[in-house]
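Residues per chain are reported as follows:
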Amino acid sequence: MATDTNTSLRHGILSDELSDARTQLIEMLTKAYWMEIETVMSYIANSINPEGVRAQEIIESLDTDIQEELGHARQYGTRIKELYGVVPGSLDFHAEQTYLQPPDDQIDIVHVIEGVIEDESGAIEYYNQIIEFCEGRDPVTQDMMITILRDEEGHRRLFEGFLREYKSEGLA
């Protein structure tokens, strides 16, 4: 929808009426953006460092997830821009994901699996908060978040299956 400077929107997240909510949403999306960027960094490390025969399936899964998580970050960045925000640069980044740090023992695949489950669970919880915030304010962002939420739930479910397998074999 094109508008000129003499026309203001009367409805929706881009309206003057919802400017405070838009600012809050941009902050929420910025946090989600950084969560995805940090996940990509951690998944890269955890897809390179593991060793052993059992590590290969986890490495391959993380390699796939890296591209999906990077895609999510790009979607967040694009939406931030559409909402008249600015996508932050690297100097604004602050690491928070202690649970996704590579294990000291590179054959400790269970540590990686549990870290991914915790990461995905945190993303699912936070993304549900954004979905609720968007209700009645921003159906476009809400729709995007629902799609991304589905991806995160699928990632968590996959790694929960890996963990169950390790537990059934007495390896976790």
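Residues numbered from 1 in each chain as written. Predicted model: local features only at pLDDT ≥ 70, side-chain atom pairs only at ≥ 80, totals over all residues. Heavy atoms only, no water.

Draft legend 1. Spatial organisation of the overall build of the protein chain. Across its full length, the protein chain carries four helices and zero strands. Considering only C-alpha atoms, the protein chain reaches an extent of 65 × 30 × 20 Å along its principal axes. Across the 172 residues in the protein chain, those meeting the buried criterion constitute 42%. A total of about 9,900 Å² of accessible surface is found on the protein chain, and carbon and sulfur atoms cover 50% of it. (Helix = DSSP H or I, 4+ residues; strand = E, 2+ residues; numbered from the N terminus. Buried < 20%, exposed > 50% of the residue type's maximum accessible area, 1.4 Å probe, protein only. Areas by Shrake-Rupley, 256 points an atom, 1.4 Å probe, with all protein chains shown as cover.)

Draft legend 2. Inspection of helix H3 (residues 109-134) at higher detail. In this model H3 runs 37 Å from its N-terminal to its C-terminal C-alpha over 26 residues, within 8% of the 38 Å that 1.5 Å per residue would give. Positive phi appears at Gly 136, one or two residues downstream of H3, with a value of about 75 degrees. (Expected span 1.5 Å × (residues − 1).)

Draft legend 3. Spatial organisation of the pattern of salt bridges. The tally for this structure, following the rule as stated, stands at four salt bridges. Arg 54 is paired through a salt bridge with Glu 169; the nearest N and O atoms lie 2.0 Å apart. Placement of the pair is Arg 54 in the loop between helix H1 (19-48) and helix H2 (55-82) and Glu 169 in the segment after helix H4 (139-168), with a sequence separation of 115 residues. By relative accessible area, which is 40% here, Glu 169 ends up partly exposed. (Salt bridge = Lys/Arg side-chain N within 4 Å of Asp/Glu carboxyl O.)

Draft legend 4. How the structure looks around the nonpolar core. Formed by 27 residues in total, the largest nonpolar core has its most connected members in Leu 25, Leu 29, Tyr 76, Tyr 126, Tyr 127, Ile 130 and Met 145. Here this core takes nine residues from H1, the largest share from any one element. Beyond its immediate stretch of four places on either side in the chain, Tyr 76 contacts Leu 29, Ala 32, Tyr 33, Glu 36, Tyr 127, Met 144, Met 145 and Ile 148. Core analysis: the second largest hydrophobic core is formed by 18 residues, Ile 59, Ile 66, Leu 100 and Phe 162 among them. (Core = buried A, V, L, I, M, F, W, Y, C linked by side-chain atoms within 4.5 Å. Contact = heavy atoms within 4.5 Å.)

Draft legend 5. Representation of the side chain of Glu 38. Residue placement: Glu 38 occurs in helix H1. Despite its burial, Glu 38 remains without a salt bridge, the nearest opposite charge being carried by Lys 31 at 9.9 Å. (Lys, Arg positive; Asp, Glu negative; His and termini not counted.)

Draft legend 6. The packing of H1 against H4, seen in detail. Relative to each other, H1 and H4 sit at 25 degrees, their axes nearing to 13 Å. Considering the angle they form, H1 stands roughly parallel to H4. You can see that H1 and H4 cross each other, and the crossing is left-handed. Residues Leu 25, Leu 29 and Glu 36 of H1 lie in contact with H4, whose contacting residues are Thr 141, Met 144, Met 145, Ile 148 and Glu 152. By residue class, the composition of the contact of H1 with H4 is five nonpolar, one polar and two charged. (Axes fitted to C-alpha atoms, helices over the stretch in contact; angles between N-to-C directions. Parallel < 35°, antiparallel > 145°, perpendicular 65-115°, else oblique. Left-handed = near helix turned anticlockwise from the far one by under 90°. Nonpolar A, V, L, I, M, F, W, Y, C, P; charged D, E, K, R; others polar.)

Draft legend 7. Examining a negative patch on the surface more closely. Taken together, the side chains of Glu 51, Asp 104, Asp 105, Asp 108 and Glu 114 define an acidic patch exposed on the protein surface. As for its position among the elements, Asp 108 is in the loop between H2 and H3. (Patch = residues over 30% accessible without salt bridge, like charges linked within 9 Å, V, L, I, M, F, W, Y side chains within 5 Å. Charge placed at Lys NZ, Arg CZ, Asp CG, Glu CD.)

Draft legend 8. Quick peek at the environment of Ser 42. The topology assignment puts Ser 42 in helix H1. The sequence separation of Ser 42 and Gly 12 amounts to 30 residues, and the corresponding C-alpha distance is 36 Å. If near-sequence neighbours (up to four positions away) are discounted, Ser 42 is found in contact with Gln 97, Leu 100 and Gln 101.

Draft legend 9. Expanded view of H2. Between its terminal C-alpha atoms H2 stretches 40 Å, which fits the 40 Å expected from 28 residues at 1.5 Å a residue. Directly beyond the C-terminal end of H2, a positive phi value near 70 degrees is found at Tyr 84.

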